[in-house]
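Summary of structural features
If you want the building blocks of each chain, they are given just below.
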Amino acid sequence: MAPSSSDYFAVDELLSPEQRQVRASVRRFVDDAFLPRVRTHFAAATFPTELTPKLAALGCFGPTVPTEYGGAGLDSISYGLMCQELERGDSGLRSFASVQSSLVMYPILAFGSEDQKRHWLPQLARGEAIGCFGLTEPDYGSNPGGMIMRARPADGGFVLNGTKRWITNGSIADVAVVWAKLESDDGRDQIRGFLVEKERPGFSRPLMHGKWSLRASITSELIFEDCFVPAENVLPGVASLRGPLSCLTQARFGISWGAIGAALSCYECALDYARSRTVFSRPIGGYQLVQAKLVHMLNEITKAQLLAWRLGTLKDAGTMRSEQVSLAKMNNVSTALGIARLARDILGANGISDDYPVIRHMLNLETVNTYEGTEDIHRLTLGRDITGLSAFE
Ligand code: TGC
Ligand code: FAD
């Protein structure tokens, strides 16, 4: 008998019992608590924040953060599997967890003071505080090094001015990790990270409207108008673009796994549909053209699963390079997007209905292919790595 076509190369056998257990718990949560409500939230462009305590109880916030700071102390493959199962539900759900874990808890853990770690990490892990990450600006997305946002030294701290745009969880966050250029008299500006609490005067977080992708996710602007932050709110451990970019490496790792979840959801739906939908004289799964599409999906998912698993072993061994993460993010997300488009086609008119998850995933994956570095930015990163020549500018 053919192996399960959702795990054609038995990647399952490469996982430990604990990793399978993590995957099973998150899958159960997504099936029982998230999927029954996602249509409503996608239609209303809202996020089910009431699920936050359950996500925290499952260890989805800071899964790899050490337990002494309230994290789950898990390995990277477990984190990846969590992302896969969350994104099998919806990219917005995985985004909610990956921003909290990789873009908020990670920089505090990696670059924060001991006081910042003890203050923020446990409450972020418990979901009692929600965080967001502000790097992108209206005119600086792919090239964050050009950012306009400025930090000016002031008595006892800094004054922030500037605008961040397209910020996941911005309007609902208790704390923002924000990156700004700190001006220096000698002209050697530094990029610094600031922890900005939601109630600081001069800080506002308007919701962005009109998205046709990642609708079950909150996206906002962060506006800073002479916003004072005390000196103890600066992340002391990094003073260059390496700070935010290393957070992106963590998040892109999770996205490489998450995209597989969205792809599996689309593939399983299309396979099921192709077996049961009869057109002309037989189920459409019996036509060669439809089989070719299904086999293409299977082929791409299998490669993506092996890539993600290997990336996880490199990460846990401490030898993973950020360029390898770029390759996995680029491949797995663009592959998932292609699979979603093929699945949508196989479902015919039903492919555009929210009776099925496919169109939702397809629309979401357009965002996932753009955020955390567009597909082409990763292509250029890899081009630079293998040739030694930068084609960015
Ligand atoms: P470059 O000269 O390459 O690097 C500057 C410094 O950073 C280091 N570095 C990295 N470190 C860790 N991880 C990485 N991925 C790194 N990439 C670079 C580098 O070694 C250097 O360090 P140092 O110590 O020598 O100074 O910088 P560049 O200005 O040439 O930019 C390179 C480029 C274009 C690849 C980079 O800017 C980039 O990645 N652009 C894409 C921007 C992006 O991905 N933005 C994402 C915003 S956050 C988001 O989308 C969240 S979505 C949230 C959700 O899931 O909902
Ligand atoms: P641009 O940089 O303007 O790029 C436009 C096009 O030009 C792309 O196709 C790009 O590949 C191409 N391009 C750019 N430079 C080159 C080049 N040198 N050579 C060839 N082609 C090039 N950001 C955050 O900081 N925090 C968040 O939480 C966050 N959440 C997001 C949530 C959503 C729903 C979305 C849509 C975005 C989010 N982002 C977030 C922003 C995201 O990271 C940026 O949109 C992304 O980095 C791309 O930037 P941009 O939109 O300005 O595109």
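For clarity, every value in this text was computed on a predicted model and none was experimentally measured. (Residues numbered from 1 in each chain as written. Chains lettered and ligands numbered in written order. Predicted model: local features only at pLDDT ≥ 70, side-chain atom pairs only at ≥ 80, totals over all residues. Heavy atoms only, no water.)

Some details on the overall build of the protein
- Of the regular secondary structure elements, the protein holds 10 helices and 9 strands.
- Compactness check: the protein gives a C-alpha radius of gyration of 21 Å against a globular reference of 21 Å for 393 residues, within 12% of the reference.
- Sorting the 393 residues of the protein into buried and exposed places 54% on the buried side.
- Taking all contacts inside the protein whose residues are at least 6 apart in sequence as the whole, residues at least 24 apart take part in 74%.
- Total accessible area on the protein is roughly 16,900 Å²; 53% of this is exposed by carbon and sulfur atoms.
- Here the protein holds 40 positive side-chain charges and 43 negative ones, and the gap between their average locations is 4 Å. (Helix = DSSP H or I, 4+ residues; strand = E, 2+ residues; numbered from the N terminus. Rg over C-alpha atoms; globule rule 2.2 N^0.38 Å. Buried < 20%, exposed > 50% of the residue type's maximum accessible area, 1.4 Å probe, protein only. Contact = heavy atoms within 4.5 Å. Areas by Shrake-Rupley, 256 points an atom, 1.4 Å probe, with all protein chains shown as cover. Lys, Arg positive; Asp, Glu negative; His and termini not counted. Charge placed at Lys NZ, Arg CZ, Asp CG, Glu CD.)

Structural notes on the site of ligand 2
- Taken together, 18 residues sit near ligand 2, with Phe133, Thr136, Ser142, Trp166 and Thr374 positioned nearest.
- At 3.0 Å from an oxygen atom of ligand 2 is found a main-chain nitrogen or oxygen belonging to Leu135.
- The contact in question runs from a nitrogen atom of ligand 2 to an N or O atom on the side chain of Thr168, over 2.9 Å.
- Contributions of two or more residues to the shell around ligand 2 are made by strand 3 (157-168), helix 9 (358-370) and helix 10 (375-387).
- Among the residues making up the shell around ligand 2, the classes are represented as 9 nonpolar, 7 polar and 2 charged.
- In this structure, the shell around ligand 2 is formed jointly by two domains, domain 2 (132-233) and domain 3 (242-387), each of which donates at least three residues. (Near = heavy atom within 4 Å. Polar contact = N/O pair within 3.5 Å; in protein donor to acceptor, adjacent residues only side chain to side chain. Nonpolar A, V, L, I, M, F, W, Y, C, P; charged D, E, K, R; others polar. Domains from an automatic or database assignment.)

A word on the state of the cysteines
- Evaluation of the coordinates by the stated rule reveals 0 disulfides.
- Between Cys60, a free cysteine, and Cys83, which holds the nearest cysteine sulfur, the sulfur-to-sulfur gap is 8.3 Å. (Disulfide = S-S within 2.5 Å.)

Quick look at the packing of helix 7 (residues 288-317) against helix 8 (residues 322-346)
- At a minimum axis distance of 10 Å, the contact between helix 7 and helix 8 shows a crossing angle of 155°. As the angle between them shows, helix 7 and helix 8 are arranged roughly antiparallel. At the point where helix 7 passes helix 8, the crossing takes the left-handed sense. Of the residues in helix 8, those in contact with Val290, Lys293, Leu294, His296, Met297, Glu300, Ile301, Ala304, Leu307, Ala308, Leu311 and Leu314 of helix 7 are Gln324, Val325, Leu327, Ala328, Asn331, Asn332, Thr335, Ile339, Leu342, Ala343, Asp345 and Ile346. (Axes fitted to C-alpha atoms, helices over the stretch in contact; angles between N-to-C directions. Parallel < 35°, antiparallel > 145°, perpendicular 65-115°, else oblique. Left-handed = near helix turned anticlockwise from the far one by under 90°.)

What to know about a nonpolar patch on the surface
- Taken together, the side chains of Tyr8, Phe9, Leu14 and Leu306 make up a nonpolar region of the molecular surface, amounting to roughly 370 Å² of accessible area.
- Topologically, Leu14 is positioned in the segment before helix 1 (17-44). (Patch = residues over 30% accessible without salt bridge, like charges linked within 9 Å, V, L, I, M, F, W, Y side chains within 5 Å. Salt bridge = Lys/Arg side-chain N within 4 Å of Asp/Glu carboxyl O.)

A short note on the packing of aromatic side chains
- Using the criterion set out here, one finds 8 aromatic pairs in the structure.
- Pairing Tyr106 with Phe111 gives two aromatic rings, centres 6.2 Å apart and planes at 85°, and the pair type is edge-to-face.
- On the basis of an interplanar angle of 70° and a centroid distance of 5.6 Å, the ring pair of Phe158 and Phe194 is categorised as edge-to-face. On the criterion of sequence distance, the pair formed by Phe158 in strand 3 and Phe194 in strand 5 (residues 190-197) is long-range, its members being 36 residues apart. (Phe/Tyr/Trp six-rings, centres within 6.5 Å; stacked < 30°, edge-to-face > 60°.)

Focus on the domain arrangement of the protein
- The domains assigned to the protein are domain 1 (11-129), domain 2 (132-233) and domain 3 (242-387).
- With 27 residues of domain 1 at the contact, the number on the domain 3 side is 36 residues.
- The junction of domain 1 with domain 3 conceals about 2,600 Å² of combined surface from both sides, 63% of it contributed by carbon and sulfur atoms.
- Ranking the residues of domain 1 by area buried against domain 3 places Arg39, Ile77 and Arg88 at the top, with a combined share of 21%.
- Put simply, Asp355 and Arg39 hold a salt bridge, and the shortest N to O gap is 3.0 Å.
- Taken together, the links from domain 1 to domain 3 amount to 10 residue pairs in polar contact (both at pLDDT 80 or more). (Buried area = accessible area lost by both parts, 1.4 Å probe.)

Points about the side chain of Ser256
- Among the secondary structure elements, Ser256 is positioned in helix 6 (residues 242-276).
- Apart from the residues within four sequence positions on either side, Ser256 is in contact with Leu311, Val325, Ala328, Lys329 and Asn332.

Points about the pairing of strand 5
- Of all 8 residues in strand 5, 7 are buried; the element is thus mostly enclosed.
- Here 8 bridges tie strand 4 (residues 175-182) to strand 5, and the two strands are oriented antiparallel to one another. Note that in strand 5 the partner of Lys181 across the bridge is Ile191. (Pairing = 2+ DSSP bridges.)

Some details on the site of ligand 1
- Inspection of the region around ligand 1 gives 26 residues, with Ser95, Ser142, Thr249, Arg252 and Gly373 positioned closest.
- At 3.0 Å, a side-chain N or O of Thr168 approaches an oxygen atom of ligand 1.
- Tyr371 is positioned such that a nitrogen or oxygen atom in its side chain is 3.3 Å from an oxygen atom of ligand 1.
- Protein burial of ligand 1: of its 1,100 Å² of free accessible surface, 72% is covered by the chains.
- Those elements that provide at least two residues to the shell around ligand 1 are helix 4 (91-111), helix 6 and helix 10.

Re the nonpolar core
- Formed by 50 residues in total, the largest nonpolar core has its most connected members in Trp257, Leu294, Met297 and Ile346.
- Of all the secondary-structure elements, those providing two or more residues to this core are helix 3 (76-89), helix 6, helix 7, helix 8 and helix 9.
- Ranked by the residues each element gives to this core, the list is headed by helix 6, at 15 residues.
- Of all hydrophobic cores here, the second largest spans 47 residues; its members include Phe29, Leu93, Leu103 and Phe111. (Core = buried A, V, L, I, M, F, W, Y, C linked by side-chain atoms within 4.5 Å.)

Brief notes about the pattern of salt bridges
- Applying the stated rule across the entire model yields 27 salt bridges.
- In this structure, the salt-bridge partner of Glu197 is Arg200, at a minimum N-O distance of 2.7 Å.
- Of the charged contacts in the structure, one is a salt bridge between Arg252 and Glu372, with a shortest N-O distance of 3.9 Å. Here the residue Arg252 occupies a position in helix 6, and Glu372 occupies one in the loop between helix 9 and helix 10, the gap between them amounting to 120 residues.
- Among the residues examined, Arg252 registers a relative accessible area of 13% and is labelled buried.
- For Glu372, a relative accessible area of 13% corresponds to the buried category.

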